[in-house]
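Chain and residue survey
This is what each chain is made of:
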Amino acid sequence: MTSFDRELARSSADMFRERRRTLSDLPIPAGRGWEPLRVRMAEALHEPPTGIAGVIAKLETVQGILDDLPPSPTSNRASAFNDLYLTITRRVDGALRTDATSPEFLELLDVEFAKRYFRALDLWNRDDEDTPDVWEVLFKRSLDLEVSQLVAAILGVNAHINHDLALALISTWDQLGAPEDDRIDPDYLLVNYIFYDEIQPLRRGFSDAWQLELDKLVGPLDDWSQRVLVNVTRAHAWEQGLRMWELRADPEDFEQARRTMDRAASLLGEWMLAADRVVTDAGDVVEGGWRFVRGLFGWDDAERPADVAAARAS
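Residues numbered from 1 in each chain as written. Predicted model: local features only at pLDDT ≥ 70, side-chain atom pairs only at ≥ 80, totals over all residues. Heavy atoms only, no water.

Quick look at the overall build of the chain now. Each helix and strand in the chain was counted, giving eleven helices and zero strands. The N-to-C order of helical and strand elements in the chain reads α-α-α-α-α-α-α-α-α-α-α. Counting all 314 residues of the chain, 47% fall into the buried class. Sequence separation of 24 or more characterises 79% of the internal contacts of the chain that already satisfy a separation of 6 or more. Carbon and sulfur atoms make up 56% of the accessible area of the chain, which amounts to about 16000 Å² in all. (Helix = DSSP H or I, 4+ residues; strand = E, 2+ residues; numbered from the N terminus. Buried < 20%, exposed > 50% of the residue type's maximum accessible area, 1.4 Å probe, protein only. Contact = heavy atoms within 4.5 Å. Areas by Shrake-Rupley, 256 points an atom, 1.4 Å probe, with all protein chains shown as cover.)

Before going further, it helps to spend a moment on the side chain of arginine 141. The residue arginine 141 is located in the loop between helix H6 (133-139) and helix H7 (149-176) in this model. When its relative accessible area of 6% is taken as the criterion, arginine 141 is described as buried. In this structure the side chain of arginine 141 is engaged in a polar contact, spanning 3.1 Å, whose partner is the side chain of glutamate 270. (Polar contact = N/O pair within 3.5 Å; in protein donor to acceptor, adjacent residues only side chain to side chain.)

The geometry of helix H3 (residues 52-68) relative to helix H5 (residues 103-125) is characterised by a closest axis approach of 9 Å and an angle of 25° between their N-to-C directions. In terms of their interaxial angle, H3 and H5 are classed as roughly parallel. Handedness of the H3/H5 crossing: left-handed. Together, Ile52, Val55, Lys58, Leu59, Val62 and Leu66 of H3 and Glu107, Asp110, Val111, Ala114, Tyr117, Phe118 and Leu121 of H5 make up the contact between the two elements. (Axes fitted to C-alpha atoms, helices over the stretch in contact; angles between N-to-C directions. Parallel < 35°, antiparallel > 145°, perpendicular 65-115°, else oblique. Left-handed = near helix turned anticlockwise from the far one by under 90°.)

Looking now at a nonpolar patch on the surface. Side chains of Leu23, Leu268 and Trp271 sit close together on the surface and give an oily, nonpolar patch of about 270 Å² of accessible area. Leucine 268 gets classed as partly exposed once you look at its relative accessible area, which sits at 31%. (Patch = residues over 30% accessible without salt bridge, like charges linked within 9 Å, V, L, I, M, F, W, Y side chains within 5 Å. Salt bridge = Lys/Arg side-chain N within 4 Å of Asp/Glu carboxyl O.)

What follows covers the pattern of salt bridges. Pairing between side chains of opposite charge can happen when their charged atoms approach one another. Taken as a whole and judged by the stated rule, the model has 25 salt bridges. Among the ionic pairs, glutamate 255 bridges to arginine 259, the shortest N-O distance being 3.4 Å. Linking glutamate 255 with arginine 259, this pair stays in helix H10 (residues 251-297), spanning four residues, or about one helical turn. Judged by relative accessible area, glutamate 255 falls into the partly exposed class, the value being 27%. Within this structure, Asp14, Arg17, Arg20, Asp133, Glu136, Lys140, Arg141, Arg263 and Glu270 form a network of salt bridges that share partners.

This part is about unusual backbone geometry. Cis rather than trans, the peptide bond between glutamate 35 and proline 36 has omega equal to 5°. Looking at the element boundaries, proline 36 is found in the loop between helix H1 (6-23) and helix H2 (38-44). A cis amide bond links proline 70 to the next residue, proline 71, at an omega of 15°. Among the structural elements, proline 71 can be located in the loop between H3 and helix H4 (78-98). Notably, threonine 74 is not glycine yet its phi reads approximately 65°, a positive angle. For threonine 74, the position within the fold is in the loop between H3 and H4.

Below, the discussion takes up H3. Its 17 residues give H3 an end-to-end C-alpha distance of 24 Å, which sits within 8% of 24 Å, the value for a rise of 1.5 Å per residue. Ile52, Val55, Ile56, Lys58, Leu59, Val62, Gln63, Ile65, Leu66 and Asp67 are the residues of H3 that are buried. If you follow the buried residues of H3, they end up packed against H2, H4 and H5. (Expected span 1.5 Å × (residues − 1).)

As enumerated under the stated definition, the model contains 13 aromatic pairs in all. Ring geometry for tyrosine 117 against phenylalanine 118: centres 5.6 Å apart, planes inclined by 40°, an arrangement best described as tilted. In this structure, tyrosine 117 and phenylalanine 118 share a single accessibility class: buried. On the numbers, 6.0 Å between centres and 85° between planes, the contact of tryptophan 173 with tryptophan 245 is edge-to-face. Taken together, the positions of tryptophan 173 in helix H7 and tryptophan 245 in helix H9 (residues 209-245) put the pair 72 residues apart, joining distant regions of the chain. (Phe/Tyr/Trp six-rings, centres within 6.5 Å; stacked < 30°, edge-to-face > 60°.)

Right, here's the structure in full:
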């Protein structure tokens, strides 16, 4: 059995929350919820999905709602993650028919995984304080256009992998049987490769101008580092699931472990936002300086110094 110190976990959870608040004291919007489309969202989330086709259909419905929310069409930051999640889930659906060795396991895990996301959306919609902290980090910034779509999508991935995935694994094992050893299921690893294929186009599709310029400089390294990040975080979620599986007979221990996991992931989300602010502010300074230089020398937006030099030499 896993040794678990509930009081230590509680103190760690409190510490994580306090540290998160030192990074951001952004208040929760008065009356959580997906206004003015709260009713539509409630209707969409009323029934849980029963298969991967149901997950895709529900994600499509939610995407339409999020895209219709303020501050303007398709700009609500929560919609960026939903769009990414929908793309990945469609790929998983294809893998079920072509590559999976245990389709029952992979489909059930996908459904249980999605249920956690839909539950978070529903809790927020009902102004429920039980909304996981890690999802709150994204949801309360859904109207903040200073948060790029790329970062918003990453916040959603952080919440879904570093909080929801271990819980989805436990629910899947509860229905299909516990894992026989510590080895990671090959179909679980199969999803890593889907992420690998999708990371580059998804990342660049969500990037703003400065992020795209940075991506040109470090693109291959960035792709490699994010592949490693996916591999490490999903492996960690499997290990976390195994540890929490041993706690399932004690609801109080299990809930405290979940809360600590939630608080740690939410602190990571705030760190991501803080780091992005630094990079974005630096990018704004560099881009503003570059625009000044272009204006000073009369270069239009299409010209670069090398282009001008070549033109003058010809």
